[in-house]
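# Geometric and topological summary
What follows is each chain in one-letter form.
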Amino acid sequence: MFNTSEVGRKIASLRKEKNLTQMELADMLGVSYQAVSNWERGNSMPDISKLPELVNFLDCSIDELLCNEKEGKLVEHIIKGDSADYVKEEKITIQEVADTAPLLKPSQTETLLDDIIRDNEDKFTIKELIMIAPFVGEKYLDEFVRRIDTVEHIKELTGLAPFLSKESLDYLAGLAIEVGRIRDLISLAPFISKETLDSVVKRCSDTGNIKDIIGLAPFLQKETLDAVVLNAMEHDDMKHCTGLYPFLGKDTLQKLADEIVKKHGFKGIASMLPFLTDKES
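Residues numbered from 1 in each chain as written. Predicted model: local features only at pLDDT ≥ 70, side-chain atom pairs only at ≥ 80, totals over all residues. Heavy atoms only, no water.

A word on the overall build of the protein chain. If you tally the helices and strands in the protein chain, you get 17 helices and 0 strands. Judged by the C-alpha coordinates and their principal axes, the protein chain covers about 90 × 40 × 20 Å. The buried share among the 281 residues of the protein chain stands at 45%. Nonlocal contacts in the protein chain, meaning residues at least 24 apart in sequence, comprise 55% of its contacts between residues at least 6 apart. Total accessible area on the protein chain is roughly 14,700 Å²; 49% of this is exposed by carbon and sulfur atoms. Positive and negative charge centroids in the protein chain, built from 35 and 50 side chains respectively, lie 5 Å apart. (Helix = DSSP H or I, 4+ residues; strand = E, 2+ residues; numbered from the N terminus. Buried < 20%, exposed > 50% of the residue type's maximum accessible area, 1.4 Å probe, protein only. Contact = heavy atoms within 4.5 Å. Areas by Shrake-Rupley, 256 points an atom, 1.4 Å probe, with all protein chains shown as cover. Lys, Arg positive; Asp, Glu negative; His and termini not counted. Charge placed at Lys NZ, Arg CZ, Asp CG, Glu CD.)

Here it is as structure tokens:
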């Protein structure tokens, strides 16, 4: 990835060699003085559309300015409009596209990825999708998500969550739950639809993994949690229901209390009393 601090120092050094002020360079490029100041401080990078003018005024090449020969050459070819050949000849990787992407428009990044895929039929991995996710459109990313056949671990998906549509997240969660544990969905829960989470929990409730469901409770519908607890009662597996008390409906909580009292006496519902009282009030 381009080091913005190094690029900033390079711009400042070349500008001073030309005996230009930041204001003069800004006027030559048609940008604000603050933009040049931010470049030189390493706070931001020049827009790709300004690079040809910038290197012309500073009398250097793009790869020299960007302090990165291979990615710099890639940017040059993108500007020239012949990046497809360069991508093929130099075997540009998705990692290298991700490193270059902060300088590019989403459509330019997508074109580069298309060029890579055209010559490489391998599917994207979750790791590679996470690399490019911030730099491409949601629709484009969703198309590649559908190419994923398996997910080794649900937690792999967390880095993708903010960039995907709910439909894609639901799809991936469905794959992931087949090889993971339901508790691993907790980090994704804020992004996944309630319908999908409810469906997953209902599918898993027969296994009696109440402990795994507790962390998902704030994201589930009350009716789903009530069904999970009632199922646990039928299987005489109520010992892990404690963490679900705050999320249960009044009737389910009362049924659970009655069952616990029947089996263990009133001392068994000591931890439930604050919630019973609250439900009654």
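Looking at soluble globular proteins, one finds that nonpolar side chains tend to be buried together. Residues Leu 54, Leu 65, Leu 129, Leu 185, Leu 256 and Met 272 are the most contacted members of the largest nonpolar core, which totals 88 residues. Among the elements that take part in this core, helix H15 (residues 222-234) stands out by supplying 5 residues, more than any other. Sequence-distant contacts of Leu 256, that is, excluding residues within four places in its chain, are made with Val 229, Met 233, Met 238, Cys 241, Tyr 245, Leu 248 and Met 272. (Core = buried A, V, L, I, M, F, W, Y, C linked by side-chain atoms within 4.5 Å.)

Moving on: the packing of helix H6 (residues 69-80) against helix H7 (residues 83-90). At a closest axis distance of 8 Å, the pairing of H6 and H7 adopts a crossing angle of 150°. For the element pair H6 / H7, the angle class is roughly antiparallel. Between H6 and H7, the contacting residues are Lys 70, Lys 73, Leu 74, His 77 and Ile 78 on the first element and Ser 83, Tyr 86, Val 87 and Glu 90 on the second. Within the contact of H6 with H7, the residues separate by chemical class into 4 nonpolar, 2 polar and 3 charged. (Axes fitted to C-alpha atoms, helices over the stretch in contact; angles between N-to-C directions. Parallel < 35°, antiparallel > 145°, perpendicular 65-115°, else oblique. Nonpolar A, V, L, I, M, F, W, Y, C, P; charged D, E, K, R; others polar.)

On to the packing of aromatic side chains, then. All chains considered together, the criterion is met by 2 aromatic pairs. Taken together, a centroid distance of 4.9 Å and an interplanar angle of 55° make the contact between Tyr 140 and Phe 144 tilted. Of the two residues, Tyr 140 and Phe 144 are both situated in helix H11 (residues 138-145); the distance of 4 residues between them amounts to about one turn of the helix. In this structure, Tyr 140 and Phe 144 share a single accessibility class: buried. (Phe/Tyr/Trp six-rings, centres within 6.5 Å; stacked < 30°, edge-to-face > 60°.)

Mapped onto the elements of the fold, Val 261 is located in helix H16 (residues 250-264). On the basis of relative accessibility, which here comes to 22%, the residue Val 261 falls in the partly exposed class. Filtering out sequence-adjacent residues up to four positions away, Val 261 remains in contact with Phe 266 and Ile 269.

Inspection of the entire model under this criterion finds 0 disulfides. Unpaired in terms of disulfides, Cys 60 finds its nearest cysteine sulfur in Cys 67, a separation of 9.2 Å. (Disulfide = S-S within 2.5 Å.)

This paragraph deals with unusual backbone geometry. Non-glycine residue Asn 19 carries a positive phi angle of around 60°. With respect to the element layout, Asn 19 can be found in the loop between helix H1 (4-17) and helix H2 (22-29). In this structure, Lys 91 takes a positive phi of about 55° despite not being glycine. One can find Lys 91 in the loop between H7 and helix H8 (94-100).

Let's shift gears to the environment of Leu 66. Along the polypeptide, Leu 66 turns up in helix H5 (residues 62-66). The sequence separation of Leu 66 and Lys 10 amounts to 56 residues, and the corresponding C-alpha distance is 8.1 Å. In this structure, Leu 66 is in contact with Phe 2, Val 7, Met 45, Gly 72, Val 75 and Leu 103, ignoring residues within four places of it in sequence.

What follows concerns the pattern of salt bridges. A full pass over the atoms with the stated rule returns 8 salt bridges. Salt-bridge contacts for Lys 73 lead to Asp 63; the nearest nitrogen and oxygen are separated by 3.9 Å. Residue Lys 73 is found in helix H6, and its partner Asp 63 is found in helix H5; the two are separated by 10 residues along the sequence. Looking at Lys 73, the relative accessible area reads 30%, which means it is partly exposed. Residue Asp 63 is classed as buried on the basis of its relative accessible area of 15%. Close ionic contact of Lys 70 with Glu 96 constitutes a salt bridge, the shortest N to O distance being 3.1 Å. Within this pair, whereas Lys 70 is found in helix H6, its partner Glu 96 is found in helix H8, the two being separated by 26 residues in sequence. Taking the relative accessible area as the measure of exposure, Lys 70 reaches 29% and is therefore partly exposed. (Salt bridge = Lys/Arg side-chain N within 4 Å of Asp/Glu carboxyl O.)

The terminal C-alpha atoms of H15 lie 18 Å apart, and with 13 residues this matches the ideal 18 Å at 1.5 Å per residue to within 8%. Taken together, the buried positions of H15 are occupied by Thr 224, Leu 225, Asp 226, Val 228, Val 229, Asn 231, Ala 232 and Met 233. One or two positions beyond H15, positive phi appears at Asp 236, with a value near 50°. (Expected span 1.5 Å × (residues − 1).)

Nothing here speaks to function; it is geometry throughout.
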